[in-house]
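Report on the structure
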Amino acid sequence: LPPYHRRICMIQDMLGLVKQGKKEEATELLKNLRQDLGMESTSLDDVLYRYASFRNLVDPITHDLIISLARYIHCPKPEGDSLGAMEKLCRQLTYHLSPHSQWRRQGIMKRKPQSCLKAVLMGKPQDNTVDLSGIPLTLKDLERVTSYLQHSSEHIDTVELCFTELTDDMLLQLLPALCGLPHLTTLSLNGNRLTKAILRDLTETLKDPKKFPSVTWIDLGNNVDIFSLPQPFLVSLKRRCPKQGNLPTILEFGEGQVSDLEDQDG
């Protein structure tokens, strides 16, 4: 199963432990959840204070919810409904890490994945968006997707590949077609099986201004172990959209820490 299945179960188990008053067990499970999400530190102090200033987080929403959960477990407020607040945070985090509920309402989850894929890859992309979210892709499917991207390249500005079972190798197979889309602005890759090893390939690709010429954001949240983005990755994105000013995820000078990949390069 993809990582998000495991994470949702951990959230539910953690809430159950809190309801039973098992604070230490809930704390240990929260630590495991942080590590599973790619947050390397095992120290609660680091999560609550040191990482609070991170600006190159791949998924700030999850980070903020994790911090709030840690505070409720360790510093429950005597007034008000502390358990109710915990339940709300767990619901929010579960929703954020799950395939979006509106896909289920639209019936996508109930239809055969192959018929969904066929429907998307017919004609011009609706609203200039290729939305394959929630459709598990195989290596054979990627050939069809690649062909469609190449033939419809002038009409695509958004590609949604969330929760499609993508691995590093699968994304590398798609990369030439994706980075050649002249008008692509947003690429969503969250909820897959990608690892931080893929960041090196994406960062190198972004160094070439002819590749991904119009991209302003690549969403890599909720994958295997991608927690923060390399500074060269963010700087390359910023160069592509100077009119937007500073991206909210660019590190301020002297703030945060150098990513693992930059350490290795050093």
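Everything here concerns the structure above.
Residues numbered from 1 in each chain as written. Predicted model: local features only at pLDDT ≥ 70, side-chain atom pairs only at ≥ 80, totals over all residues. Heavy atoms only, no water.

**Looking at the nonpolar core**
- Ranked by size, the top nonpolar core spans 41 residues in total, and within it Leu149, Val159, Leu161, Leu178 and Leu220 carry the most contacts.
- Put simply, the parts of the chain that give this core at least two residues each are helix H7 (113–120), helix H8 (139–151), helix H9 (168–179), helix H10 (198–206) and helix H11 (231–240).
- Broken down by element, this core gets its largest block of residues, seven residues, from H9.
- Counting residues in hydrophobic clusters, the runner-up holds 23 residues, among them Met10, Ile11, Met39 and Ile66. (Core = buried A, V, L, I, M, F, W, Y, C linked by side-chain atoms within 4.5 Å. Buried < 20%, exposed > 50% of the residue type's maximum accessible area, 1.4 Å probe, protein only. Helix = DSSP H or I, 4+ residues; strand = E, 2+ residues; numbered from the N terminus.)

**Observations regarding the packing of helix H1 (residues 3–19) against helix H2 (residues 23–36)**
- For the pair H1 and H2, interaxial distance at closest approach is 9 Å and the crossing angle is 165°. Taken together, the axes of H1 and H2 lie roughly antiparallel to each other. By crossing handedness, the relation of H1 to H2 is classed as left-handed. The residues of H2 that touch H1, namely those facing Pro3, Arg6, Arg7, Met10, Ile11, Asp13, Met14, Leu17 and Val18, are Glu25, Ala26, Leu29, Leu30, Asn32, Leu33 and Asp36.
- Class assignment of the residues belonging to the contact of H1 with H2 gives a composition of ten nonpolar, one polar and five charged. (Axes fitted to C-alpha atoms, helices over the stretch in contact; angles between N-to-C directions. Parallel < 35°, antiparallel > 145°, perpendicular 65-115°, else oblique. Left-handed = near helix turned anticlockwise from the far one by under 90°. Contact = heavy atoms within 4.5 Å. Nonpolar A, V, L, I, M, F, W, Y, C, P; charged D, E, K, R; others polar.)

**A closer look at the environment of Thr205**
- For Thr205, the position within the fold is in helix H10.
- Its relative accessible area of 10% is what places Thr205 among the buried residues.
- Taking the C-alpha atoms as reference points, Thr205 and Leu175, 30 residues apart in sequence, are found 8.9 Å from one another.
- Thr205 has contacts with Leu175, Cys179, Lys211, Phe212 and Arg240, leaving out every residue within four places of it along the chain.

**A closer look at the environment of Leu172**
- Mapped onto the elements of the fold, Leu172 is located in helix H9.
- Judged by relative accessible area, Leu172 falls into the partly exposed class, the value being 34%.
- Considered as a pair, Leu172 and Leu202 are 30 residues apart in the sequence and their alpha carbons are 9.0 Å apart.
- With sequence-adjacent residues up to four places away left out, Leu172 is seen in contact with Ile198 and Asp201.

**Looking at the pattern of salt bridges**
- This structure, assessed with the given rule, holds six salt bridges.
- Salt-bridge contacts for Arg6 lead to Asp36; the nearest nitrogen and oxygen are separated by 3.0 Å. Note that Arg6 is positioned in helix H1 and Asp36 in helix H2, a separation of 30 residues in sequence.
- Residue classification places Asp36 among the buried positions, given a relative accessible area of 16%.
- Residues Lys19 and Glu87 are paired through a salt bridge, measuring 3.1 Å at the closest nitrogen-oxygen approach. Of this pair, Lys19 sits in helix H1 while Glu87 sits in helix H5 (residues 82–96), placing them 68 residues apart in sequence.
- Accessibility expressed as a relative area gives 48% for Lys19, which makes it partly exposed.
- It is possible to trace a salt-bridge network through shared partners that takes in Arg6, Arg7 and Asp36. (Salt bridge = Lys/Arg side-chain N within 4 Å of Asp/Glu carboxyl O.)

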